Amino acid sequence: MYQVKVNNEYNYEVDKKGEDVSINGANVTADIKQLNSTSWHIINYLRSYKIEVISFNYSGKTAEIKVNNNIYSITAKDQFDILLDQLGLSTLNAAKVSEIKAPMPGMVLKVFVDEGTEIKKGDNLFILEAMKMENIIKSQADVIVKTVKIKPGDKVEKGQILMLF
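All values derive from a computational prediction rather than experimental measurement. (Residues numbered from 1 in each chain as written. Predicted model: local features only at pLDDT ≥ 70, side-chain atom pairs only at ≥ 80, totals over all residues. Heavy atoms only, no water.)

1. Points about the environment of Leu125
Line of reasoning, step 1. Looking at where Leu125 falls in the secondary structure, it is placed in strand S13 (residues 124-130).
Line of reasoning, step 2. Exposure remark for Leu125: the relative accessible area of 0% places this residue in the buried category.
Line of reasoning, step 3. The residues contacting Leu125, other than those within four sequence positions of it, are Ile100, Val111, Phe112, Val113, Ile119, Ile137, Lys138, Ser139, Met163 and Phe165. (Helix = DSSP H or I, 4+ residues; strand = E, 2+ residues; numbered from the N terminus. Buried < 20%, exposed > 50% of the residue type's maximum accessible area, 1.4 Å probe, protein only. Contact = heavy atoms within 4.5 Å.)

Set out below in structure tokens:
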């Protein structure tokens, strides 16, 4: 059983037993075809859905998916996460982050946060272009931005400190 939250707004309870899947207690009888390792085509109640996984964090149980060209953020909790929440132990493993460094050399295209901004884990911080690809760098923890050392157009080297929290 999983508790799934979509866009931090909609809550669902998903259960899978063998091949059977239920959402909020109702059995799902969709026709599902996997197209490749990151995309599926689903037909459910005569409606067609093209689904593509944009990003997936197995350890954080988070994902971004595109459904018919709309992007959704998904977070999931299994029975162990739910038990830790009930016991008040879920915050013990919260990450302590004091800075963010450039993961690769590149150029800053856009900065989403300002000094003093309170951000949550998974929020977008900035876009770094490297090898002609745009990489959205996200927050690894709930923090308040103390210093932003970059601006759009800046070239950065791997390991360079870009923000302080």
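Let's pick the thread back up.
2. Examining the sheet that holds strand S14 (residues 133-138)
Line of reasoning, step 1. Taken in spatial order, the 4 strands of this open sheet run S14-S13-S11-S17, and their pairing is antiparallel. Both outer strands of the open sheet, S14 and strand S17 (155-156), are each paired with one neighbouring strand and no more.
Line of reasoning, step 2. Relative to S14, S13 runs antiparallel, the two being bridged by 6 bridges. Across the sheet, the residue bridging to Leu128 is Asn135, located in S14. (Pairing = 2+ DSSP bridges.)

3. Things to note about the side chain of Glu64
Line of reasoning, step 1. By the element assignment, Glu64 lies in strand S8 (residues 62-67).
Line of reasoning, step 2. Side-chain polar atoms of Glu64 contact the side chain of Lys138, separated by 3.2 Å.
Line of reasoning, step 3. Each residue touching Glu64, except ones within four places of it in the same chain, is listed here: Glu52, Val53, Ile54, Ser55, Tyr72, Ser73 and Lys138. (Polar contact = N/O pair within 3.5 Å; in protein donor to acceptor, adjacent residues only side chain to side chain.)

4. Considering the environment of Ile144
Line of reasoning, step 1. Looking at the secondary structure, you find Ile144 in strand S15 (residues 143-144).
Line of reasoning, step 2. A residue is classified by how much of its surface remains accessible, and Ile144, at 47% relative accessible area, is partly exposed.
Line of reasoning, step 3. Note: C-alpha distance between Ile144 and Ile119 (25 residues apart in sequence) is 6.1 Å.
Line of reasoning, step 4. Ignoring any residue separated from it by four or fewer positions in sequence, one finds Ile144 in contact with Gly116, Thr117, Glu118, Leu164 and Phe165.

5. A few points about the nonpolar core
Line of reasoning, step 1. Grouped together as the largest cluster of nonpolar side chains are 19 residues, with contacts concentrated most on Ile100, Leu125, Phe126, Ile150, Met163 and Phe165.
Line of reasoning, step 2. Counting residues per element, the ones that place at least two in this core are strand S11 (106-111), S13 and strand S18 (161-164).
Line of reasoning, step 3. In terms of residue count, S13 provides more of this core than any other element does, 3 residues in total.
Line of reasoning, step 4. Judged by nonpolar contacts, the second largest core, of 8 residues, contains Val4, Ala63, Ile65 and Val67. (Core = buried A, V, L, I, M, F, W, Y, C linked by side-chain atoms within 4.5 Å.)

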